[in-house]
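Notes for the structure review
Below, each chain spelled out in residue letters.
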Amino acid sequence: MALSREEICDKVQETLMDALGVDEDEVTGDATLMGDLGAESIDFLDIVFRLEKAFGIKIPREELFPAENLLNNEQYVHDGKLTETGLAKLKAQMPHVDFTEFEKDPDLNKMPDLFRVSSICKYIESKVNAG
Amino acid sequence: MNVLVWSARQGKENNLRVRWIWIDKFVEFVSGQRAVAIKNVSLAEEHLHDHFPGYPIMPASLLIEAMAQTGGILVGEMRNFSEKVILAKISKAVFHAVVRPGDQVRLEAVVDNIAEEAATVSGTIRRDQELIAEIGLMFSHIDKNLGGMEFPEENFVFDNDQFMDLMRSYRLERTS
């Protein structure tokens, strides 16, 4: 049964409230997980667990949040920035993320800004309604 | 150096056991699923003299510790204590009543999720039928986490004989 974008986002919002102990009004579509909602690395796994349970799906670790092997690879990272190859790889790995801003200056320090509530909604939507 | 690694190394060098045991025994243990432990609370425990003078109640943090030991052993046993299982996150801690000297609390931990890197556990604490607390915990298998940081080879989490004795006495009681 297909879920609407709204139903999915409501459930994502609830999941994030439980996982991060934040209030409903903080979990806006534009909120970044780390900057705005205070998520730390262990929280990402917690979020994955909870989303899997809430939607009855399996989430491969590299899909929703990027794999560390990408960041530890010289081919993909140079001088604290993603190389062109690295950026292409990341984009391919995370089609649910909006890269418009990040692309202009792919500084690793700005990577946390990529993870927004809306990108989780998009990701789940693609998973749940893929059949 | 990471604090955790440092304290583990110090502990080994000085032959210290930095952990202490905070549950009395297991009364149920279903591998990979659930465990129930008992803790008897006694006025002989020194912290109760200060928490609080004239009104001794078990600190909420120590109720969480008891649940963390129950859940941590449950998670560790699933992989035969080969993983270094450490408490990574308290996602929920809601308390409904206080625990006093003379009480016996029953800690039930249920595994919600387990993956290569971590596991989550839901816990409830009861005194008889009364619900005392609901606690959600997340454990990290630290060798598979923390961005390739290196930890001591030996398993400093489960090298505590008392932990193993808890399991042994549970099994002995079952079979006798």
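Look a little higher up for the structure.
Residues numbered from 1 in each chain as written. Chains lettered and ligands numbered in written order. Predicted model: local features only at pLDDT ≥ 70, side-chain atom pairs only at ≥ 80, totals over all residues. Heavy atoms only, no water.

On to the interface of chain B and chain A. Accessible area lost during the coming together of the parts is what is often quoted as the interface size. With 13 residues of chain B at the interface, the matching set in chain A holds 11 residues. Considering only the side of chain B, the residues that lose the most area to chain A are Lys 89, Asn 113 and Met 138 of chain B, jointly responsible for 43% of the buried surface there. Linking Lys 89 of chain B and Asp 43 of chain A is a salt bridge whose minimum nitrogen-to-oxygen distance equals 2.6 Å. Taken together, the connections running from chain B to chain A amount to three residue pairs in polar contact (both at pLDDT 80 or more). Contributing elements (two or more residues each) for the side of chain B that touches chain A: β3 (85–95), β4 (104–114), β5 (118–127) and β6 (130–141) of chain B. For the side of chain B that touches chain A, the residue count by class is five nonpolar, five polar and three charged. (Contact = heavy atoms within 4.5 Å. Buried area = accessible area lost by both parts, 1.4 Å probe. Salt bridge = Lys/Arg side-chain N within 4 Å of Asp/Glu carboxyl O. Polar contact = N/O pair within 3.5 Å; in protein donor to acceptor, adjacent residues only side chain to side chain. Helix = DSSP H or I, 4+ residues; strand = E, 2+ residues; numbered from the N terminus. Nonpolar A, V, L, I, M, F, W, Y, C, P; charged D, E, K, R; others polar.)

Under the counting rule described, the total for this entry stands at 24 salt bridges over all chains. Of the charged contacts, one joins Arg 79 of chain B and Glu 83 of chain B as a salt bridge, the two residues approaching to 3.4 Å between their closest N and O atoms. Exposure remark for Arg 79 of chain B: the relative accessible area of 27% places this residue in the partly exposed category. When its relative accessible area of 7% is taken as the criterion, Glu 83 of chain B is described as buried. Linked through salt bridges whose partners overlap, the residues forming this network are Asp 43, Asp 46 and Arg 50 of chain A together with Lys 89 of chain B. (Buried < 20%, exposed > 50% of the residue type's maximum accessible area, 1.4 Å probe, protein only.)

This next bit is on the environment of Arg 126 of chain B. Residue and element names in this part refer to chain B. Position of Arg 126 among the secondary structure elements: in strand β5. Not counting residues up to four positions away in its chain, the partners in contact with Arg 126 are Gln 104, Val 105, Arg 106, Leu 131 and Ile 132. Of note is the side chain of Arg 126, whose polar atom sits 3.5 Å from the backbone oxygen of Gln 129.

On to unusual backbone geometry, then. For residues that are not glycine, phi is negative in most cases, and the peptide bond is trans in most cases. All names here are of chain B. Note the cis peptide between His 51 and Phe 52, where omega equals 0°. Of note, Phe 52 is situated in the loop between α2 (47–50) and α3 (60–78). Positive phi, close to 60°, is recorded for Asn 80, a residue that is not glycine. Within the secondary structure, Asn 80 sits in the loop between α3 and β3. Judged by relative accessible area, Asn 80 falls into the exposed class, the value being 66%. A positive phi angle, close to 60°, is found at Phe 81, a residue other than glycine.

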